[in-house]
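# Examination of the molecular architecture
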Amino acid sequence: MKSIIQKIFNDNGFNNIKIANPVEESHIEFWANYSDNAVNFYLVLFENNILTEDFLSWKIPAYFNAIKQLETGYDERMDKNLSMIVCVKTDNDETQKNSEKIFEIEEDPYFFKKYVITYDDNNSKELKAKFNESGESSNAILNRIINDSTMFLSYKMNENNALTSLYEICTKLMIKIPFMRLEKRLEELDDLSEKINEELSEKSLLAFKDSLLGFNENDERIIDNILSIIEDNVE
């Protein structure tokens, strides 16, 4: 998962800032973007367990203090533009069980805006393979997968397969990482009126349609014409 997150941040113009880790059992990375449009700072945590009682009460303040004490790279704008992404390795059963804790973390208003992304070995390996096999940006790959109608239907039907697993992790990354943007694919639609005319023409009903569109209940000639067409097609 680390390489996936690293590619996403690198592809979106972020710089990695070295930071002391106040929690030994956790792995963290700190990313900064100083673009002309916005200044954003993200602390990314990679966790195997977020249910420890001291996560909000002790760990979160410790991470915040580590940023405040940066020897190089500290920017006072960090205080008001800090976000935290917590990547948690888990399985489906644990995700359901931890949903209340995830909600608690994301709704906590102190120090960071918080986003929790759960994943497992299978879907992270599948997405990593996609990243490695293509020279495209992470944004393009994620958008292509999310816009894939076959994968979407598999996910919608809750099918237990690799397509669903891959689609799920991609949607989580797109939703939980605020600077990611979904580029909705626009498909060209067939000209419906042309399709209708083709079908009617094959069944010799095109004249019938034209008569109906020009129908005037007081025009006996049109009524006679419609009746004639109906009789011809009934025969």
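Since this is a predicted model, take the numbers as computed values, not measurements. Once a new chain begins, its residue numbering starts again from 1 and follows that chain's sequence as written. Two thresholds apply to this predicted model, a pLDDT of at least 70 for residue-level local features and 80 or more for giving and counting side-chain atom pairs, whereas whole-chain, interface and lining totals are computed over all residues. Hydrogens and waters are ignored; side-chain quantities use all the structure's heavy atoms.

### Focus on the nonpolar core
Among soluble globular proteins, nonpolar side chains are generally buried collectively. Stated precisely, the cut-off is as follows: Here, the term nonpolar core denotes a set of buried Ala, Val, Leu, Ile, Met, Phe, Trp, Tyr and Cys residues that are joined through side-chain atoms within 4.5 Å. Per-residue accessibility, obtained with a 1.4 Å probe over protein chains only, is compared with the maximum for each type, and a residue is labelled buried under 20%, exposed over 50%, and partly exposed between these values. The secondary structure listing takes helices from DSSP runs of H or I that are at least 4 residues long and strands from runs of E that are at least 2 residues long, numbered from the N terminus. Residues are treated as being in contact if the distance between any of their heavy atoms lies within 4.5 Å.
Membership of the largest hydrophobic core comes to 30 residues, with the highest contact counts inside it found for Met1, Leu127 and Leu173. Element by element, the count of residues in this core is highest for helix H8 (residues 162-176), at six residues. Those residues in contact with Leu173 that lie beyond four places of it in its chain are Met1, Ile4, Ile5, Ile8, Ile117, Leu127, Leu142 and Met180. Counting 27 residues, the second largest nonpolar core, distinct from the first, contains Ile17, Leu70, Val86 and Phe112.

### What to know about H8
This is how it is decided: Expected helix span is computed as 1.5 Å times (number of residues minus one).
Helix length check: H8, at 15 residues, gives a terminal C-alpha distance of 21 Å against a target of 21 Å (1.5 Å per residue), a fit within 8%. Packed against the buried residues of H8 are helix H1 (2-11), strand S5 (113-119), helix H5 (121-133), helix H6 (138-146) and helix H7 (149-156).

### A word on the sheet that holds S5
Inclusion rule: Paired strands, as defined in this entry, are two strands with at least two bridges between them according to DSSP. Note on definitions: angles span 0 to 180 degrees between N-to-C directions of axes, and those axes are lines fitted to C-alpha atoms, for helices only across the stretch in contact.
Ordered in space as S1-S2-S3-S4-S5, the five strands form an open sheet in which the pairing is mixed. The sheet is open, and its two borders are formed by strand S1 (15-17) and S5, each paired with just one other strand. On average, each strand axis in the sheet is inclined to that of its neighbour by 25°, with strand direction left out of account. The sheet contact formed by S1 and strand S2 (residues 27-34) spans three bridges and is antiparallel. From the neighbouring strand, Ile17 faces S2, where its bridge partner is Phe30.

### So, the pairing of S5
Working note: regular strand, side chains alternate between the two faces of the sheet. Of all seven residues that make up S5, five are buried, and the element is covered over most of its length. Where strand S4 (residues 82-89) meets S5, seven bridges bridge the pair, whose relative direction is parallel. Following the sheet pairing, Val86 is matched in S5 by Val116.

### Looking at the environment of Lys125
Checked against the element boundaries, Lys125 lands in helix H5. Along the backbone, Lys125 and Ile4 are 121 residues apart, and their C-alpha atoms lie at a distance of 9.4 Å.

### Thoughts on the side chain of Asp120
Test applied: N or O atoms within 3.5 Å of each other form a polar contact, as long as, within protein, one can give a hydrogen and the other can take it, and as long as residues adjacent in sequence are counted only when both atoms are side-chain atoms.
Residue placement: Asp120 occurs in the loop between S5 and H5. Within the local environment of Asp120, its side chain forms a polar contact with the backbone nitrogen of Asn123, the two atoms lying 2.9 Å apart.

### Some words on the pattern of salt bridges
The line we're drawing: Basic side-chain nitrogens of Lys or Arg form a salt bridge, by our definition, when they fall within 4 Å of a carboxyl oxygen of Asp or Glu.
A complete count under the given rule lists eight salt bridges for this structure. A salt bridge links Arg144 to Glu136, with the shortest nitrogen-to-oxygen separation between them at 2.4 Å. The partner of Glu168 in a salt bridge is Lys172, and the shortest N-O contact between them spans 3.7 Å. Residue Glu168 and its partner Lys172 are located together in helix H8, separated by four residues, close to a single helical turn. Residue class for Glu168 comes out partly exposed when judged on its relative accessible area of 25%.

### Re the packing of aromatic side chains
Rules: The criterion for an aromatic pair is that two Phe, Tyr or Trp rings (for Trp, the six-membered ring) have centres within 6.5 Å, with stacked assigned to planes under 30 degrees apart, edge-to-face to planes over 60 apart and tilted to the rest. Distance and angle both matter: a charge sits over a ring if NZ of Lys or CZ of Arg is within 6 Å of the ring centre and within 35 degrees of the ring normal.
Summed over the entire model, instances satisfying the criterion amount to 12 aromatic pairs. Ring geometry for Phe30 and Phe41: centres 6.4 Å apart, planes at 20°, overall stacked. Placement of the pair is Phe30 in strand S2 and Phe41 in strand S3 (residues 39-47), with a sequence separation of 11 residues. We classify Phe30 as buried; its relative accessible area is 0%. Look at Phe64 and Phe111: their rings are 5.0 Å apart centre to centre, the planes differ by 45°, and that puts the pair in the tilted class. Here Phe64, found in helix H2 (residues 54-68), pairs with Phe111, found in the loop between helix H4 (99-107) and S5; they are 47 residues apart in sequence, far enough to count as distant. Residue Phe64 is classed as buried on the basis of its relative accessible area of 15%. Linked through ring pairs, Phe9, Phe14, Trp31, Tyr42 and Phe179 together constitute an aromatic cluster. The positively charged end of Lys2 is found above the aromatic ring belonging to Phe46, 6.0 Å away from the centroid.

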